[in-house]
Amino acid sequence: MSEFDFGGRALQSAPLCVARFEVAGGIMDLGASPWRTRRIGYITGGRFEGPRLTGTILPGGGNWSEAGVGADGAAIGTFDARCVWRTDDGALIHVSYTGRTWIPPEVGAAFRDPAQPEVAPDRYRIRIAPVFETSDPRYDWLNAVLAVGVGERLSGGVRHFIHAIG
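Residues numbered from 1 in each chain as written. Predicted model: local features only at pLDDT ≥ 70, side-chain atom pairs only at ≥ 80, totals over all residues. Heavy atoms only, no water.

1. Thoughts on the overall build of the protein
When helices and strands are counted, the protein shows one helix and eleven strands. The order of α-helices and β-strands along the protein, N terminus first, is β-β-β-β-β-β-β-β-α-β-β-β. Whereas a compact globule of 166 residues would reach a radius of gyration of roughly 15 Å, the protein reaches 17 Å, a difference of no more than 12%. The C-alpha extent of the protein, read off along each of the three principal axes, is 45 × 45 × 30 Å. In the protein, 55% of the contacts between residues at least 6 apart in sequence involve partners at least 24 apart. (Helix = DSSP H or I, 4+ residues; strand = E, 2+ residues; numbered from the N terminus. Rg over C-alpha atoms; globule rule 2.2 N^0.38 Å. Contact = heavy atoms within 4.5 Å.)

Below, the structure written as C-alpha cells:
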C-alpha cells in the first residue's frame, strides 16, 4: 500500500453491530440472461447485536444480487438488499445496502452450495455499505450514520460485521 497525505483527515471507525441474516430455502439462481446473472435470496429472519443497537431482523426482506466474471475468473457481484430491523425496545429501522463480492474460481462451487460447510472468509470478499432509516427519536442518530461492513457466508445465511465511519 502507498501512503498519501490526506491533511490529517484519516477515517475513524467504531463497531456498530454484527448482523446475522437467515435465508431459509437458499438462494434462487435465475441464471444468465443476455445482460447478467441474477440471484435472489429472501430474508427469513435474523438478529443484530451491538453496543447501542440490538434486535431482530424481520422476515420479508431480500437481496437481489447480480454477478459477472472478472478477468481473473472470479465471480464479481453486486448487492441490492433491503430489510426491516426491530430493536429489542420496539423501534423499526429500514436497512438497505449495496456492496460487492469477489469469489475466486477455486472457492465458487463450495460458496454457492448451501450443503457445503462454511467456507473460510479469508478465501473470498463480501463488502457492504448499509444505510439506516428510522422515525424513532431514540435511534435518530442512525439516520446520519455512514457505515461499512465485512461479511461472511454461513450455511443458511450471511453474517455482516458493520462499522460506523466517523
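2. Side note on helix H1 (residues 105-112)
If you check which residues of H1 are buried, you get Val107, Gly108 and Phe111. The buried residues of H1 all sit within an arc of 120° when viewed along its axis, so they share a single face. In H1, the exposed positions angled more than 90 degrees off the buried face are occupied by Glu106 and Ala109. Residues of H1 that are buried sit in contact with strand S8 (92-103), strand S9 (125-133) and strand S10 (146-154). (Buried < 20%, exposed > 50% of the residue type's maximum accessible area, 1.4 Å probe, protein only. Arc of directions from axis to C-beta.)

3. Comments concerning the pairing of strand S4 (residues 45-49)
Across five bridges, the pairing between strand S1 (residues 13-22) and S4 is antiparallel. Each bridged residue has a counterpart across the sheet, and for Glu22 the counterpart in S4 is Gly45. Here S4 pairs with strand S5 (residues 54-57) via three bridges, running antiparallel. Note on S5: the bridge partner recorded for Phe48 is Gly55. The turn linking S4 back onto S5 is made up of four residues. (Pairing = 2+ DSSP bridges.)

4. Here we look at the side chain of Thr87
Assignment of secondary structure puts Thr87 in strand S7 (residues 75-87). A relative accessible area of 3% places Thr87 in the buried class. Within the structure, Thr87 has its side chain in polar contact with the side chain of Asp89 (distance 2.5 Å). A distance of 2.8 Å separates a polar side-chain atom of Thr87 from the backbone nitrogen of Ala91. (Polar contact = N/O pair within 3.5 Å; in protein donor to acceptor, adjacent residues only side chain to side chain.)

5. Some words on the nonpolar core
Residues Leu16, Phe21, Leu53, Trp85, Phe132, Leu142 and Ile162 are the most contacted members of the largest nonpolar core, which totals 32 residues. Counting residues per element, the ones that place at least two in this core are S1, S7, S8, H1, S9 and strand S11 (157-165). Looking at this core element by element, the count peaks at five residues for S7. (Core = buried A, V, L, I, M, F, W, Y, C linked by side-chain atoms within 4.5 Å.)

6. Here we look at the environment of Arg38
Secondary-structure assignment places Arg38 in strand S3 (residues 37-42). Considered as a pair, Arg38 and Gly68 are 30 residues apart in the sequence and their alpha carbons are 9.2 Å apart.

7. Things to note about the state of the cysteines
Scanning all chains against the criterion turns up zero disulfides. Here Cys17 is not cross-linked by a disulfide; its sulfur's nearest cysteine counterpart is in Cys83, at 10 Å. When its relative accessible area of 4% is taken as the criterion, Cys17 is described as buried. By relative accessible area, Cys83 is classed as buried at 4%. (Disulfide = S-S within 2.5 Å.)

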